[in-house]
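# Structural overview
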Amino acid sequence: MAKHSSASELDAIDRRILAEIQADGRITNVELARRVGISPPPCLRRVRALEEGGFITGYRGLLDPRRLGFDVTVFASVHLASQADADLRAFEAFVRSEPLVRECWMLSGETDFILKCVAPDMNTFQDFVSRLTAAPHVRNVKTSLVLHNSKNEAAVPLEVPGSTPI
């Protein structure tokens, strides 16, 4: 099985494999092969090719933060005083060292970064905000407390209405 370099090179079986693995990362190769209609050895080869091609980047369990005591979710919009490469890298290094930051996205426009953060309580989050605002090159931080999550879909949409499926 050749290593794929773009989504256009994926056939229908590869797409079904991706959909099944995305729905259940713990699926056995035998069950996966059954669901996509091929035998286990070529199925395993296809999965390995998809991993080597970077389409499958890892496997993980999705945990419920609230059940684990992280009752506070906050988005923090960060505006830096400088957008020099070294300053951006320094901020990203700071963020990677902070366990409460679960996602960090660099944006275009007025906000340089948006952070998704979790904390067990507001005091812990406020301590983090103090460290964040004191971080090098941080001009200002605006936070928005999450009141309710209407959708939490970690999966990539493999079929989007009105577009060509991958």
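You'll find the structure just up there.
Below you will find a few notes about this structure. (Residues numbered from 1 in each chain as written. Predicted model: local features only at pLDDT ≥ 70, side-chain atom pairs only at ≥ 80, totals over all residues. Heavy atoms only, no water.)

### Here's the deal with the overall build of the chain
The number of helices and strands found in the chain is 5 helices and 4 strands. Going residue by residue from the N terminus, the α and β elements of the chain occur as α-α-α-β-α-β-β-α-β. Computed over its C-alpha atoms, the radius of gyration of the chain comes to 20 Å, more than 25% above the 15 Å expected for a compact globule of 166 residues. Based on the C-alpha atoms only, the size of the chain along its principal axes is roughly 55 × 40 × 30 Å. Burial analysis of the chain (166 residues in total) assigns 28% to the buried set. For the chain, contacts bridging at least 24 residues in sequence account for 62% of all contacts bridging at least 6. Carbon together with sulfur atoms contributes 52% to the accessible area of the chain, which is approximately 11100 Å² in total. Across the chain, the centroid of the 20 positively charged side chains sits 4 Å from that of the 21 negatively charged ones. (Helix = DSSP H or I, 4+ residues; strand = E, 2+ residues; numbered from the N terminus. Rg over C-alpha atoms; globule rule 2.2 N^0.38 Å. Buried < 20%, exposed > 50% of the residue type's maximum accessible area, 1.4 Å probe, protein only. Contact = heavy atoms within 4.5 Å. Areas by Shrake-Rupley, 256 points an atom, 1.4 Å probe, with all protein chains shown as cover. Lys, Arg positive; Asp, Glu negative; His and termini not counted. Charge placed at Lys NZ, Arg CZ, Asp CG, Glu CD.)

### Points about the environment of E92
With respect to the helices, strands and loops of the structure, E92 is situated in helix α4 (residues 85-96). By relative accessible area, E92 is classed as partly exposed at 23%. Considering only alpha carbons, one finds E92 and E110, 18 residues apart in sequence, at a separation of 17 Å. Ignoring sequence-local partners within four residues, the contact set of E92 consists of M106 and F113.

### Regarding the packing of helix α1 (residues 12-23) against helix α3 (residues 40-52)
Relative orientation of the contacting elements α1 and α3 amounts to 80°, with a least axis distance of 11 Å. Classified by the angle their axes make, α1 and α3 are roughly perpendicular. Facing α1, whose interface residues are I13, D14, I17, L18 and I21, α3 presents C43, R46, V47 and L50. Of the residues belonging to the contact of α1 with α3, the class tally is 7 nonpolar, no polar and 2 charged. (Axes fitted to C-alpha atoms, helices over the stretch in contact; angles between N-to-C directions. Parallel < 35°, antiparallel > 145°, perpendicular 65-115°, else oblique. Nonpolar A, V, L, I, M, F, W, Y, C, P; charged D, E, K, R; others polar.)

### Details of unusual backbone geometry
At H137, a position not held by glycine, the phi torsion is positive, near 70°. The class for H137 is partly exposed, based on a relative accessible area of 35%.

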